[in-house]
Amino acid sequence: MMMRHRNRLSLGALAFLGAAFAGQAASASMTVYCPMSEADCASVLAAFEAETGHASSFVRLGAGEILARIRAEQSNPQAALWLAGAADIFIQAAGEGLLEPYASANAERVEAGYRSPDDSWTPIAISPIAFLYNPAYLEELGAEPPTSWRDFADPAYQGAVVLTHPASSGTAYVSLASMVQALGEDEAFALLKEIDGNVLQYLRSAGGPGQMVASGEAAVSMAFTHGLEVALADGFPIGVSFPEEGTGYELNAAALIADAPESQREAATAFLDWIVSDAGQTALGETYRESVVEGFVNDDFSIDLSQVKLIDYDSNWAGENRARLLQRYEQEVRDASAVQ
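Quick summary incoming for the structure in this document.

What counts and what doesn't
In every chain, residue numbers begin from 1 and rise along the written sequence. Confidence filtering applies because this is a predicted model: local features only for residues at pLDDT of at least 70, side-chain atom pairs given and counted only at 80 or more, and all residues used for totals across whole chains, interfaces and linings. The basis for the side-chain values is all heavy atoms of the structure; hydrogens and waters are excluded. Secondary structure elements follow DSSP: runs of H or I no shorter than four residues count as helices, runs of E no shorter than two count as strands, and numbering proceeds from the N terminus. With the radius of gyration taken over C-alpha atoms, the globule rule is written as 2.2 Å times the number of residues to the power 0.38. Here's how the labels work: a residue is buried when its accessible area is under 20% of the maximum for its type, exposed when over 50%, partly exposed in between, all with a 1.4 Å probe on protein chains only. The contact definition used throughout considers only heavy atoms, calling two residues in contact when any of these lie within 4.5 Å. For accessible areas, the Shrake-Rupley method is used with a probe of radius 1.4 Å. Any residue's cover is judged against the shown protein chains and nothing else. Residues scored as positive are Lys and Arg, those scored as negative are Asp and Glu, and His as well as the terminal groups of each chain are ignored. Charged groups are reduced to one reference atom each: NZ for lysine, CZ for arginine, CG for aspartic acid, CD for glutamic acid. Each direction from the helix axis to a C-beta atom contributes to the arc, which is the arc of those directions. Axis definition: a line fitted to C-alpha atoms, over the contacting stretch in the case of helices. Angles run 0 to 180 degrees between N-to-C directions. Every angle not falling under 35 degrees, over 145, or within 65 to 115 is termed oblique; those three ranges are roughly parallel, roughly antiparallel and roughly perpendicular. Any residue that is not Ala, Val, Leu, Ile, Met, Phe, Trp, Tyr, Cys, Pro, Asp, Glu, Lys or Arg is counted as polar, Gly included; the first ten are nonpolar and the last four charged. Two strands make a pair as long as DSSP finds a minimum of two bridges between them. When two cysteine sulfur atoms are found within 2.5 Å, that pair is recorded as a disulfide. Joining through side-chain atoms within 4.5 Å is the link that ties buried Ala, Val, Leu, Ile, Met, Phe, Trp, Tyr and Cys residues into a set, and such a set is a nonpolar core.

1. Here's the deal with the overall build of the protein
And step 1. Within the protein, the secondary structure is distributed over 13 helices and eleven strands.
And step 2. Its C-alpha atoms give the protein a radius of gyration of 19 Å, near enough to 20 Å, the size a compact globule of 340 residues would have.
And step 3. Viewed in the frame of its principal axes, the protein has a C-alpha envelope of about 55 × 40 × 35 Å.
And step 4. Going through the 340 residues of the protein one by one, you find that 56% of them count as buried.
And step 5. Sequence separation of at least 24 residues holds for 80% of the intrachain contacts in the protein that already meet a minimum separation of 6.
And step 6. Here the protein displays about 13,800 Å² of accessible surface, and carbon together with sulfur accounts for 49% of that area.
And step 7. Of note, the protein has its 18 positive side-chain charges centred 4 Å away from the centre of its 46 negative side-chain charges.

2. Concerning the side chain of Thr-269
And step 1. Along the chain, Thr-269 falls in helix H10 (residues 262-274).
And step 2. Look past the residues within four positions of Thr-269 in its chain and what remains in contact with it is Tyr-102 and Leu-256.

3. Some words on helix H13 (residues 322-332)
And step 1. When we look at burial in H13, the residues that qualify are Arg-322, Leu-325, Leu-326, Arg-328 and Tyr-329. Across the axial projection of H13, the buried residues extend over an arc of 160°, all falling on one side.
And step 2. For H13, the elements touching its buried residues are helix H3 (63-72), helix H4 (87-95), helix H6 (170-183), helix H7 (185-196), strand S7 (199-203) and helix H12 (315-320).

4. Comments concerning the packing of helix H2 (residues 38-52) against H10
And step 1. Between H2 and H10, whose axes approach to 11 Å, the crossing angle comes to 100°. It follows from the interaxial angle that H2 and H10 lie roughly perpendicular. For the pair formed by H2 and H10, the contact residues are Val-44, Leu-45, Ala-47, Phe-48, Glu-51 and Thr-52 on the first element and Ala-267, Ala-270, Phe-271 and Trp-274 on the second.
And step 2. Looking at the contact of H2 with H10, its residues break down into eight nonpolar, one polar and one charged.

5. Observations concerning the pairing of strand S5 (residues 122-133)
And step 1. Burial runs high along S5: twelve of the twelve residues are buried.
And step 2. Taken together, the six bridges between S5 and strand S10 (residues 249-257) define a ladder with antiparallel strand orientation. Paired with Ser-127 across the bridge in S10 is Glu-250.
And step 3. In the sheet, S5 pairs with strand S11 (residues 290-291) via two bridges, with the strands oriented antiparallel. By the bridge assignment for S11, Ala-125 is matched with Ser-291.
And step 4. As paired elements, S5 and strand S8 (residues 220-224) share five bridges and run antiparallel to each other. Note on S8: the bridge partner recorded for Ala-130 is Ala-223.
And step 5. Here three bridges tie S5 to strand S9 (residues 239-241), and the two strands are oriented antiparallel to one another.

6. Some words on the environment of Asp-259
And step 1. With respect to the secondary-structure elements, Asp-259 resides in the loop between S10 and H10.
And step 2. Linking Asp-259 and Gly-227, residues 32 residues apart in sequence, is a C-alpha distance of 33 Å.

7. Concerning unusual backbone geometry
And step 1. The residue Ala-84 is not glycine, and still its phi comes out positive at about 85°.
And step 2. Using a relative accessible area of 1% as the deciding quantity, one classes Ala-84 as buried.
And step 3. One non-glycine residue with positive phi stands out, namely Tyr-288, at about 70°.
And step 4. Note on placement: Tyr-288 falls in the loop between helix H11 (278-285) and S11.
And step 5. Look at Tyr-288 and you get buried, because its relative accessible area is 6%.

8. Remarks on the state of the cysteines
And step 1. Summed over all chains, the structure comprises one disulfide.
And step 2. Through a disulfide, Cys-34 is tied to Cys-41; the S-S separation comes to 2.1 Å. Because the torsion about its S-S bond is -90°, the bridge between Cys-34 and Cys-41 counts as left-handed. Here Cys-34 matches Cys-41 in class, with each residue buried.

9. A word on the nonpolar core
And step 1. Counting residues in each nonpolar core, the largest one holds 93 residues, and the members touching the most others are Trp-82, Leu-83 and Phe-271.
And step 2. The contact partners of Phe-271, leaving out residues within four places of it in the chain, are Val-44, Leu-45, Phe-48, Leu-81 and Leu-83.
And step 3. Judged by nonpolar contacts, the second largest core, of 15 residues, contains Val-213, Ala-223, Ile-303 and Val-308.

Pasting the structure below:
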């Protein structure tokens, strides 16, 4: 069993890392687009540099925003590596010719069900969708913690739900695709329209809802378990539950951007080799993401997933239908202009 040791970076260390990355920007061998938290992007890339000597700088954006930027830069790419985000959106990007297939030297270590059939992207971690709630706020409302997707439409939650929008957030899109796969498409969209009536605010990226629930500004939301593990470790007053119908999960990926700058390609492919090595999976484990490598166990997480019902989440279907589902969401539920 692989023992994992937490080594959370202090604010001072993060400030140092931020300054270091900023200082490297002019001479960095690789530019990375990364939707993880600032701390998680920095810690994984610092571990990669320590192991391989490849320096990098990163730009943090929501997963949907990364896709939009890579599209906009297609004729003159500025970055070589897209680090993290749900495989769904990588599949869409690959379908648009925005990614260059690369077979990681350690691809055979990854569980077969997670692999890209054409190596357009490299699977790096998984994180299930969970519900988070503020127990004190729910007590004020006289409401119970959510245990079903349908609970989010409960009138008891009116004005107390905070979500991200699936056009800009990978978390929200995996939640949407999970509901469609668990409930059926028409039923899921009807429910999403009902839930919309309870939403206090739509945010751009996944960090905001957790902060609002923890601070008592909102009562309930949805998030990936890795973010909730961090919140629990930091002592935030939240509870965690899961939908009884089953939940989907983010199959996190990384990929080489098509026509990447030649000076950055070696570092990007080295990263895709390293990230599914033991060293790479240990670095990702420090961000509380579950491993995709067979036999590699992170055993000190706070959330017990052993009793959680996971659906047979189809990332390929979710990726191939992403544009269509987002268009339907915008037409039937909420336009992306509502995002704050």
